[in-house]
Amino acid sequence: MAAIADNLQAVRERIDRAMKAARREPARVALLAVSKTHSSARIAEAHAAGQRAFGENYVQEALDKMQALQPVALVGLEWHLIGPLQSNKTRIAAEHFDWVQTIDREKIARRLSEQRPAALAPINVLIQANVSAEVTKSGVALADVDALAAEVAKLPRLRLRGVMAIPEPGAPVERYRAVRQVYAQLAERYGCDTLSMGMSDDLEIAIAEGATLVRIGTALFGPRDVSRRAEKTAA
Ligand SMILES: *Cc1c(COP(=O)(O)O)cnc(C)c1O
């Protein structure tokens, strides 16, 4: 298995090339390291190589790693929840994550806002847009993003940052473009600055279509060991 530092370097080069090809400024794409199924030791290794933002799909799996890493006190760690969030897990999410990228219901947003501890800054949230309804049930239809955004923007302990989407493998460029258009409206209306789109296999097309944050697992940590995957229930 290649060292994470080498993988990080390779991914950053891919991002830079994609930015150049799209004639965009290199400074504007954030890299989220998706560490699901990978150990806290691997997260510490990525952190030592300069990575700060990590994405997890399951609240409990993430919490276990946060606790394992606590004695090490890694500087500047930032945790993003990128898996579906059920209402019985919103409190843990509100208490432990910096970002929740998967807001797709007002109820979840409201609970997160109510449960966000006063001592912490408002939690950053993205509305998950469902662009591939035949593949996943998660996310709100593109046509409904705007209405949900209007509600989320009113919640005092949330900070609406933009949109997240997971186009299915091999999705046509129009899918990415449709997300970009919806995101552009939110950026104008609410000052949003984050379009989370693109994974190990499609970061180039996502960046060409305006992604400001890419979520990369396999290309950084190698293949996931499915036997270590948390139970298939939603986070
Ligand atoms: C697992 C996952 C990723 C990372 O996928 P890779 O193909 O391994 O880069 C990104 N986003 C979400 C929502 C995921 O669940």
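Residues numbered from 1 in each chain as written. Predicted model: local features only at pLDDT ≥ 70, side-chain atom pairs only at ≥ 80, totals over all residues. Heavy atoms only, no water.

Participant: So what's going on with the site of the ligand? Residues and values would help.
Facilitator: Every residue lining the ligand is accounted for by Val-34, Lys-36, Asn-57, Ile-82, Ile-166, Met-199, Ser-200, Arg-215, Ile-216, Gly-217, Thr-218 and Arg-224. Here an oxygen atom of the ligand and a side-chain polar atom of Thr-218 are 2.6 Å apart. Arg-224 places a polar side-chain atom, nitrogen or oxygen, 2.8 Å from an oxygen atom of the ligand. Taking 390 Å² as the accessible area of the ligand by itself, protein coverage stands at 89%. (Near = heavy atom within 4 Å. Polar contact = N/O pair within 3.5 Å; in protein donor to acceptor, adjacent residues only side chain to side chain. Areas by Shrake-Rupley, 256 points an atom, 1.4 Å probe, with all protein chains shown as cover.)

Participant: Can you explain the packing of helix H6 (residues 145–152) against helix H7 (residues 173–190)? Please cite residues and give values.
Facilitator: Each packed pair of helices is defined by two parameters, the angle between the axes and the distance between the axes. Orientation of H6 relative to H7, taken along the N-to-C sense of each, is 30°, at an axis distance of 11 Å. Classified by the interaxial angle, the pair formed by H6 and H7 is roughly parallel. In this structure, the crossing between H6 and H7 has a hand that is right-handed. Residues Val-145, Asp-146, Ala-149 and Ala-150 of H6 lie in contact with H7, whose contacting residues are Val-182, Gln-185, Leu-186, Arg-189 and Tyr-190. Its residues assigned to classes, the contact of H6 with H7 shows six nonpolar, one polar and two charged. (Axes fitted to C-alpha atoms, helices over the stretch in contact; angles between N-to-C directions. Helix = DSSP H or I, 4+ residues; strand = E, 2+ residues; numbered from the N terminus. Parallel < 35°, antiparallel > 145°, perpendicular 65-115°, else oblique. Left-handed = near helix turned anticlockwise from the far one by under 90°. Contact = heavy atoms within 4.5 Å. Nonpolar A, V, L, I, M, F, W, Y, C, P; charged D, E, K, R; others polar.)

Participant: Which residues make up the confidence of the model for the chain, and what values go with them?
Facilitator: Confidence in the prediction of the chain, expressed as mean pLDDT, is 93, and 94% of residues score 70 or more. Below a pLDDT of 50 lies the segment residues 230–235, which in the model reaches 13 contacts outside its immediate sequence neighbourhood of four places, other chains included. (pLDDT = per-residue confidence, 0-100.)

Participant: Residues and numbers for the nonpolar core, please.
Facilitator: In summary, soluble globular proteins display a tendency toward joint burial of nonpolar side chains. Ile-15, Ile-103, Leu-112, Val-125, Val-152 and Val-214 are the most contacted members of the largest nonpolar core, which has 61 residues in total. At six residues, helix H1 (residues 4–21) tops the list of elements feeding residues into this core. Not counting chain neighbours up to four residues away, the residues in contact with Val-152 comprise Ile-103, Ala-109, Val-125, Ile-127, Leu-158 and Leu-160. With five residues, the next largest nonpolar core counts Leu-32, Ala-53, Ile-82 and Leu-213 among its residues. (Core = buried A, V, L, I, M, F, W, Y, C linked by side-chain atoms within 4.5 Å. Buried < 20%, exposed > 50% of the residue type's maximum accessible area, 1.4 Å probe, protein only.)

Participant: Please set out the pattern of salt bridges residue by residue, giving values where relevant.
Facilitator: Oppositely charged side chains can form a pair if their charged atoms are brought close together. Per the stated rule, a full pass over the model turns up twelve salt bridges. Put simply, Asp-146 and Arg-189 hold a salt bridge, and the shortest N to O gap is 2.4 Å. In this pair, Asp-146 is assigned in helix H6 and Arg-189 in helix H7, connecting sequence segments 43 residues apart. Asp-146 sits in the partly exposed class, given a relative accessible area of 26%. Of the charged contacts, one joins Asp-193 and Arg-161 as a salt bridge, the two residues approaching to 2.9 Å between their closest N and O atoms. In this pair, Asp-193 is assigned in the loop between H7 and strand E8 (194–196) and Arg-161 in strand E7 (residues 158–165), connecting sequence segments 32 residues apart. (Salt bridge = Lys/Arg side-chain N within 4 Å of Asp/Glu carboxyl O.)

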